[in-house]
Amino acid sequence: MRGVLRIVRESLILGFAELGAVYTWRTWTFGWLVRLLCQATFYALLGGYVGDEQTMRYVLVGNIVVLACMESTIVVISLAGERAMGTLPLLAIAPSGHLPVYLGRGLQWTATGLVSSLVAWFVLPPLLGVPLPWPRAAYAIPVIVLIIVSSYGYGCALAGLALRLRGVEWLVLNFAYGIVMTFGGVNVPVGVWPEPLRIAVHALPVVHGLEAIRAILDGAPLGHIMGLVALEALVGACWYAVAALSMERLVSAGRRDGSLDYAG
């Protein structure tokens, strides 16, 4: 366990160093963060235009929460970059095992995702005239953290595809959070979709967690909320299992045929 925690610490140091090479605090705050806030605001205003205040709050809450998923899935780009730079074999020969290194490679995106979602959570509702019911809204913050964790596992699992195919990492990333935004109850309830799609959507992260957050805001019974939280945790655990299996097969095949050395 101590070794795993050391890897997490070093992964965060590496991740933030990498982030610092791309952004300054000014460009991140006034570029990236403002872009995310504008995205959530756009959808909320659109919801208010086509509906009423309740519709606007529904859409705003969904788009604030999905920011956590959007940033967490950027791990796809981080992991694909390891192969493009030819450093993937170094992850595979890590003394502590490749899985902790692999799963820790994009942890900085979970931290920025949490910051983005919380800033939006506190700033946008009063700014747009649809304030959240405090202090109940504070109880939703741990669920946002859980959504970040489950979404990161989802991103790691889909990164396995980006590691196997050349030049598809941006397509995979946009698919990863795009499908959640479209079908996961962010802008419209999951119940509007045909039954087969509705069943399939419950395998995605965010869906149950977002439903739990909406239940918290509406003052639903604790048992109902905890059931949804447990489902979100279960979905996340399944995605981590898929990620671990995918990476194990990738590394095993790469050791046999030398394909881990492929770069470009």
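Whatever comes next refers back to the structure up there.
Counting starts from 1 at the beginning of each chain's written sequence and moves along it residue by residue. Thresholds applied to this predicted model are a pLDDT of at least 70 for local features of residues and 80 or more for the giving and counting of side-chain atom pairs; totals over whole chains, interfaces and linings are not thresholded and use all residues. Excluded from the side-chain calculations are hydrogens and water; all other atoms, namely the structure's heavy atoms, are used.

Asks: An account of the overall build of the protein is requested, with residue identities and associated values reported.
Replies: Comment: elements are numbered from the N terminus, with helices defined as DSSP H or I runs of at least four residues and strands as E runs of at least two. Looking only at helices and strands, the protein features 13 helices and zero strands. What you see in the protein, going N to C, is helices and strands ordered as α-α-α-α-α-α-α-α-α-α-α-α-α. Accessible areas in this description were obtained via Shrake-Rupley with a 1.4 Å probe; residue shielding takes into account the shown protein chains only. Carbon and sulfur atoms make up 71% of the accessible area of the protein, which amounts to about 12,500 Å² in all.

Asks: Before we move on, can you summarise the nonpolar core with the specific residues and values?
Replies: To qualify as a nonpolar core, a set must consist of buried Ala, Val, Leu, Ile, Met, Phe, Trp, Tyr and Cys residues joined through side-chain atoms within 4.5 Å. A simple rule labels every residue: compare its accessible area, found with a 1.4 Å probe on the protein chains alone, to the largest value its type can have, and call it buried under 20%, exposed over 50%, or partly exposed in between. Core analysis: the biggest nonpolar cluster contains 73 residues, and Val-61, Trp-121 and Ile-213 have the highest contact counts within it. The biggest single contributor to this core is helix 9 (residues 141-164), with 12 residues. Throughout, a residue-residue contact means that at least one pair of heavy atoms, one from each residue, lies within 4.5 Å. Here Val-61 is in contact with Trp-121, Leu-132, Leu-210, Ile-213, Arg-214 and Leu-217, once residues within four sequence places are set aside.

Asks: Break down the pattern of salt bridges for me, with residues and values.
Replies: One side-chain nitrogen of Lys or Arg within 4 Å of one carboxyl oxygen of Asp or Glu is enough to make a salt bridge. On inspection of all chains with the given rule, the structure shows one salt bridge. Note that Asp-218 and Arg-57 form a salt bridge whose closest N and O atoms lie 3.0 Å from each other. A residue pair is termed long-range when its members are at least 10 positions apart, and Asp-218 in the loop between helix 12 (207-217) and helix 13 (222-257) and Arg-57 in helix 3 (residues 53-72) qualify at 161 residues. What makes Arg-57 buried here is its relative accessible area of 18%.

Asks: Requested: an account of the environment of Val-130, with residues and values cited.
Replies: Positionally, Val-130 belongs in the loop between helix 7 (107-127) and helix 8 (136-139). We classify Val-130 as buried; its relative accessible area is 3%. Residues Val-130 and Glu-53 lie 77 residues apart in sequence; the distance between their C-alpha atoms is 7.1 Å. Apart from the residues within four sequence positions on either side, Val-130 is in contact with Glu-53, Met-56, Arg-57, Leu-60 and Pro-125.

Asks: Describe the packing of aromatic side chains, listing the residues and the values that go with them.
Replies: What counts as a ring pair is set by centres within 6.5 Å for rings of Phe, Tyr and Trp (its six-membered ring), and what kind of pair is set by the plane angle: stacked under 30 degrees, edge-to-face over 60, tilted for all other angles. For the structure shown, the criterion picks out five aromatic pairs. Ring plane angle 55° and centroid distance 6.5 Å describe the contact between Trp-25 and Phe-30, whose orientation is recorded as tilted. Accessibility assignment for this pair places Trp-25 and Phe-30 in one class, exposed. Here Phe-122 and Trp-134 contribute two aromatic rings whose centre-to-centre distance is 5.2 Å and whose plane-to-plane angle is 20°, an arrangement assigned as stacked. Note that Phe-122 is positioned in helix 7 and Trp-134 in the loop between helix 7 and helix 8, a separation of 12 residues in sequence. A relative accessible area of 46% means that Phe-122 is categorised as partly exposed.

Asks: Please provide a residue-by-residue account of the side chain of His-208, values included.
Replies: The residue His-208 is located in helix 12 in this model. His-208 gets classed as buried once you look at its relative accessible area, which sits at 5%. Not counting the four nearest positions on each side in its chain, His-208 is found in contact with His-202, Leu-228, Leu-231, Glu-232 and Val-235.

Asks: Break down the side chain of Thr-73 for me, with residues and values.
Replies: Within the element layout of this structure, Thr-73 appears in the loop between helix 3 and helix 4 (75-84). Two N or O atoms count as a polar contact when they lie within 3.5 Å, although within protein this holds only if one can serve as hydrogen donor and the other as acceptor, and sequence-adjacent residues are included solely when both atoms are side-chain atoms. Here Cys-69 takes part through its backbone oxygen, which lies 3.0 Å from a polar atom of the side chain of Thr-73. Of the polar contacts made by the side chain of Thr-73, one reaches the backbone oxygen of Met-70; its length is 2.9 Å. Contact partners of Thr-73, with chain neighbours within four places excluded, come to Ser-151, Tyr-154, Gly-155, Leu-173, Ala-176 and Tyr-177.

Asks: Please set out a nonpolar patch on the surface residue by residue, giving values where relevant.
Replies: The patch calculation keeps residues exceeding 30% relative accessible area without a salt bridge and links them within 9 Å when they carry like charges or within 5 Å when they are nonpolar (Val, Leu, Ile, Met, Phe, Trp, Tyr). Where nonpolar side chains cluster on the molecular surface, the patch consists of Phe-42, Leu-46, Tyr-49 and Val-50 and spans about 500 Å² of accessible area. Relative to the helices and strands, Phe-42 resides in helix 2 (residues 25-50).

Asks: Any chance you could break down the packing of helix 2 against helix 3 for me, citing the residues and the numbers?
Replies: Between N-to-C directions, angles cover 0 to 180 degrees, with each direction set by a line fitted to C-alpha atoms, over the stretch in contact for helices. Two elements in contact, helix 2 and helix 3, have axes separated by 8 Å at closest approach and are oriented at 150°. The orientation of helix 2 with respect to helix 3, classified from their angle, is roughly antiparallel. When you trace helix 2 past helix 3, the crossing you get is right-handed. Listed contacts from helix 3 to Trp-32, Arg-35, Leu-36, Gln-39, Ala-40, Tyr-43, Ala-44, Leu-45, Gly-47 and Gly-48 of helix 2 are Thr-55, Met-56, Val-59, Leu-60, Asn-63, Leu-67, Met-70 and Glu-71. Here the contact of helix 2 with helix 3 is composed, by residue class, of 11 nonpolar, five polar and two charged. Roughly parallel covers angles under 35 degrees, roughly antiparallel covers those over 145, roughly perpendicular covers 65 to 115, and oblique covers all other angles. We call a crossing left-handed when the near helix sits turned anticlockwise from the far one by less than a right angle, and right-handed when that turn is clockwise. Amino acid classes used here: Ala, Val, Leu, Ile, Met, Phe, Trp, Tyr, Cys and Pro are nonpolar; Asp, Glu, Lys and Arg are charged; the rest, including Gly, are polar.

Asks: Can you tell me about the environment of Ala-159, naming the residues and giving the values?
Replies: You can see Ala-159 is positioned in helix 9. When the C-alpha atoms of Ala-159 and Val-172 are compared, they prove to be 7.6 Å apart, with 13 residues separating the residues in sequence. With near-sequence residues (within four places) excluded, Ala-159 lies in contact with Val-76, Leu-79 and Tyr-102.

Asks: Residues and numbers for the packing of helix 2 against helix 7, please.
Replies: Two elements in contact, helix 2 and helix 7, have axes separated by 10 Å at closest approach and are oriented at 55°. With respect to helix 7, the axis of helix 2 lies oblique. The hand of the helix 2/helix 7 crossing is right-handed. For the pair helix 2 and helix 7, the contacting residues are Trp-28, Leu-33, Leu-36, Leu-37, Ala-40 and Thr-41 in the first and Thr-112, Val-115, Ser-116, Val-119, Ala-120 and Leu-124 in the second.

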